[in-house]
Amino acid sequence: MVFSSQTFIFLFLPGVLAIYGMAPVRWRNLVLFVASCLFYSWGAPKFLFVLLVSSAVDYMLGHRINAQCRSASNKRKLLALGIVLNVGLLLYFKYANFFVEQVNSSLAIMGSAPIKWTSVVLPIGISFFTFQKISYLIDVYRGTASPAPSYLSYALYVAMFPQLIAGPIIRYHDVARQLVSRIHSMEKMYSGICRFCLGLGKKVLIANSLGEVADTIFALPHSGIPIEVAWLGALCYSFQIYYDFSGYSDMAIGLGRMFGFEFLENFNQPYRAKNFTEFWQRWHISLSNWMREYLYIPLGGNQKGAIRMFVNLWIVFLLSGFWHGASWNFIAWGAFHGFFLTLDKISSHWKRMTLPPPLAMSVTFILLMLSWVLFRSENLSDAWYFIQRMFMLSSLGTALPEGAAGTIINALQLTMLLAGICFSFMPIPSSWAVLTTGQWRTQSNANIIGMGATSLVVLVVAVSMLSTSTFNPFIYFRF
Amino acid sequence: MKVNYYHLLVALFFILLFLPLVDQVTGLLPEKELAGVEAEVQKPKLIVTGWFEKDFQQQFETWFSAHVGLRSWMIRTANQINFTLSGETPSGSGTKVYLGKDNYLFEKAYVTAYNEPGQKEQNLLRDFTWRLFRLQELLEEHGVVLLLVLAPSKAEIYSEYLPEHVKTPARDQRLSHYQRMAPLLDEFGIHYIDVHKLFLQWKEQGAPPLFSRGGTHWNYYGAGRIVQLMLADISERVGKKFDNIEVTSYTTDAKPFGTDNDLGGLLNQWSTNKINQGQIHPVFQRLPGEKRPNLLMIGDSFAFTLMYVLETQNLFERCDLMYYFKRRFSWPAGTDNPIDHSKLDLRQELLSRDAVIIEINEYWLPEYGFGLLRPAILALQASDRKNK
């Protein structure tokens, strides 16, 4: 079940909110946990067991790690065991098919028979909840958080439906206290509703519209794509992925607030970044935080010399690329970012290459567009072909049928593209910061009513748009 | 004070969230039925294997989306926004509609066909035409008339109203199936009414619109004039004077009915006032004959408009429409059933008629009869051999 579905909006969400609101405070975590299990098993019924059992193992390990009587070496071993188990699950479910495919390709080259292998189905959200589970174990090991007071509390942290499938990745120490006790208020509910509605609008109105254009263009035979169409495809996909992902994060943060939680922000106008370092401070912030805190710093960060810092950066970004998906595209995407981050570090070290901010922003955005081509294409050769067409590095093959380019984007999609560009690049007025902070009591009544009304209008339009995706009538029945 | 605003907006959110469910259960709010044909979705039964295979979840989501309360409200709102801004219906598996100039609507499938050349091999076109000729010959041996009615596409007749962005510039150099088949029909001596040619002629002579703004099919005025020609042709060739009509004039109003606004209706918007303007409705004068014919028509959706004129003007004794040769609509019985080909006595069906009319829109060429030709020829040849 996705947030942008009628089943979620008109059945699951009202049902859960009603039961949660009526339940005594001490039962609310249970209500939320049961709802989260239902939510997860709706999309991955066979994997709920994996999620719950692996969480039980983490829970026990957390308590053992925390036991006062254990030696530091034992604690480290228990932590290592926990990490190995969780990473092992991720490797098996997400990467086993990829590895076997690579081995079979090598075997084929050598003329050997391939390994017989039944493809493993990927449990939804495993990349996200695995990182959360590791965060718990490390936080407990480091003593930055106490072990969860109950299995229910820990399982809720892992499985909480607002952030279960697509993040934000929540570090345990950020929500540990909220899992035990949290404040519910009308202001928070209001703030959550606004955030959820606007996130839904970003996803349904902008991302879905631009997704149709991007899908059309990336599905064209690459050799026939004119340069302007190739750039349009890259542009639409760049905004599709941003509004899709940030919209989902907004919905998650909004839903969290409805249930009394405060999750950290995940996006902050990333396309306004003037370099790749800044981009990663604005894009998927929860992943950057996680990578920095649990991988980059433990590897030594920038404290062990320049060369080691670059090596660490590359490790982080190659792994980050691989975390996004099990294919060479994603590794190349990670390497692309690693390369430009390295350049950032070098240029900031020498302090010679400073472009004017608008130019730096434009150059960074164009490079990001190229990186999204790597991310979106089916494989590396497709991506390379597409990028060649963007720069006319390959000759135009069989051209598209005449007039075809004119039908790729319609006026509505163009409007959404322009809206997407505006909201991505224009400086956000300071009064809008309240959407992030949720501190509505500092706002005027006009702002409160204005934002509430806007959110509800966006909700109505977005759910209306959703309804058409399942309504495809024919003028007459044929038979 | 602010707390009250929070309460108000939170309450409105909850109302919006719960209203569709409440409406689904109680049917509290009036909903105008949506136009168009949708596949029926059954409510799934919850069984353990269905849950673990995710079949239940997928089927439930489909069912819920198709039955959620206020669905028609939501769809009309979205369609109004979509069509106002983009001039297109949302992409999907159903019938897609373009908004042309002067509020003329066009079905995408016909626009695509308008732009593309007819790509079927010439041998295939000849083969279909030969079969048609053979059936005509066999029927004539038994005194039954075969008449082919070639219905035109709105995109071909009123191409000047097509939105510019959907037109292919090199379109004029292409040869359509219609352009390739008309000479073959002449060569084989097929009796046919070339409505494509007639409509272009009538249009040039200043006839009123032959397709309405919001319809994909010929309007009742255009269909009425074709019915007149059909019955005149059949009368002449059968040698009996059948009842007929003459389209003497027409009225103009803003009250579409039936197929007048089939595309407009399919838009499922809150308002289609602009599209409804300028509806042409025929005024008939009856031309009494000696009797009314017994007809069999095999055709596509354009046949329904012909049938409407034939039925409302009481122009047949009996008539069956075999829709795509898959369903049978019978008059005066008023029945509608799927055709069971294994039980169909084609010889009896064909030879009990005064005339067999094969109607086909140029979009479907060369599928004359939609699968009728071969079995009909075989049925007539087999029984003829037996009788000899």
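For every chain, the first residue of its written sequence is number 1, and the numbers climb from 1 along that sequence. To read the labels, note that chains go from A and ligands from 1, taken in the order they are written. Residues qualify for local features only when their pLDDT is at least 70, as the model is predicted, and side-chain atom pairs are given and counted only at 80 or more; totals for whole chains, interfaces and linings, by contrast, use all residues. The basis for the side-chain values is all heavy atoms of the structure; hydrogens and waters are excluded.

### A closer look at the sheet that holds strand E3 (residues 145-151) of chain B
All names here are of chain B.
Right, on to step 1. If DSSP finds at least two bridges between two strands, the strands pair. Here a helix means four or more residues in a row that DSSP labels H or I, a strand means two or more in a row labelled E, and each is numbered from the N terminus. Sheet architecture is open: 7 strands sit in the order E4-E3-E11-E7-E8-E9-E10, paired in mixed fashion. Two strands bound the open sheet, and with one partner strand each, they are strand E4 (192-194) and strand E10 (335-338). For this sheet the average axis-to-axis angle between neighbouring strands, irrespective of direction, equals 15°.
Right, on to step 2. In this structure, E3 lies alongside strand E11 (residues 355-361), joined through 7 bridges in parallel fashion. Counted as the bridge partner of Leu-148 is Ile-358 from E11. Helix axes use the C-alpha atoms of the stretch in contact, all axes being lines fitted to C-alpha atoms, and the angles between their N-to-C directions lie in the range 0 to 180 degrees.

### Comments concerning the nonpolar core
Residue and element names in this part refer to chain A.
Right, on to step 1. Residues enter a nonpolar core if they are buried and are Ala, Val, Leu, Ile, Met, Phe, Trp, Tyr or Cys, with the set joined through side-chain atoms within 4.5 Å. A 1.4 Å probe rolled over the protein chains alone gives each residue an accessible area, and that area as a share of the maximum for its type sets the label: buried under 20%, exposed over 50%, partly exposed in between. In this structure, Phe-3, Phe-8, Phe-161, Tyr-271, Trp-283 and Trp-372 are the most contacted members of the largest nonpolar core, which totals 171 residues.
Right, on to step 2. With 18 residues, helix H10 (residues 227-258) is the largest single contributor of residues to this core.
Right, on to step 3. Here, residues are in contact when the closest pair of their heavy atoms is within 4.5 Å. Setting aside residues up to four positions removed in sequence, Trp-283 forms contacts with Ile-241, Tyr-242, Phe-245, Asn-266, Phe-267, Pro-270, Tyr-271, Ser-288 and Trp-372.

### Some words on the side chain of Thr-7 of chain A
Right, on to step 1. Tracing the sequence through the fold places Thr-7 of chain A in helix H1 (residues 6-22).
Right, on to step 2. On the accessibility criterion, Thr-7 of chain A (3% relative accessible area) is buried.
Right, on to step 3. Dropping the residues within four chain positions of it, Thr-7 of chain A is found in contact with Met-1, Phe-12 and Trp-42 of chain A together with Phe-60, Glu-61 and Phe-64 of chain B.

### Observations regarding the domain arrangement of chain A
Residue and element names in this part refer to chain A.
Right, on to step 1. Note that the domain bounds were set by an automatic or database domain assignment. Partitioning chain A into domains gives domain 1 (6-182) and domain 2 (188-274 + 355-467).
Right, on to step 2. The distance between the C-alpha centroids of domain 1 and domain 2 comes to 29 Å.
Right, on to step 3. Across the contact, 26 residues belong to domain 1 and 20 residues belong to domain 2.
Right, on to step 4. Accessible area that two parts lose when put together, with a 1.4 Å probe and added across both, is what the buried area reports. Taken together, the two surfaces of domain 1 and domain 2 that pack against each other cover about 1800 Å², and 80% of this comes from carbon and sulfur.
Right, on to step 5. When residues of domain 1 are sorted by the area they lose upon contact with domain 2, Ile-9, Pro-162 and Pro-168 head the list and together hold 28% of the total.
Right, on to step 6. Criterion for a salt bridge: a side-chain nitrogen of Lys or Arg within 4 Å of a carboxyl oxygen of Asp or Glu. Run the count over domain 1 and domain 2 and you get 0 salt bridges.
Right, on to step 7. Counting of polar contacts relies on pairs of N or O atoms within 3.5 Å, with two restrictions inside protein: one atom must be capable of donating a hydrogen and the other of accepting it, and residues adjacent in sequence are counted only when both atoms are side-chain atoms. Our enumeration of links across domain 1 and domain 2 arrives at 3 residue pairs in polar contact (both at pLDDT 80 or more).
Right, on to step 8. Within the residue set of the side of domain 1 that touches domain 2, elements represented by two or more residues are H1, helix H7 (161-164) and helix H8 (172-180).
Right, on to step 9. Residue contributions to the side of domain 1 that touches domain 2 peak at 8 residues, all from H1.
Right, on to step 10. A class-by-class count of the residues in the side of domain 1 that touches domain 2 yields 19 nonpolar, 4 polar and 3 charged. Each residue gets one label: Ala, Val, Leu, Ile, Met, Phe, Trp, Tyr, Cys and Pro are nonpolar, Asp, Glu, Lys and Arg are charged, and the others, such as Gly, are polar.

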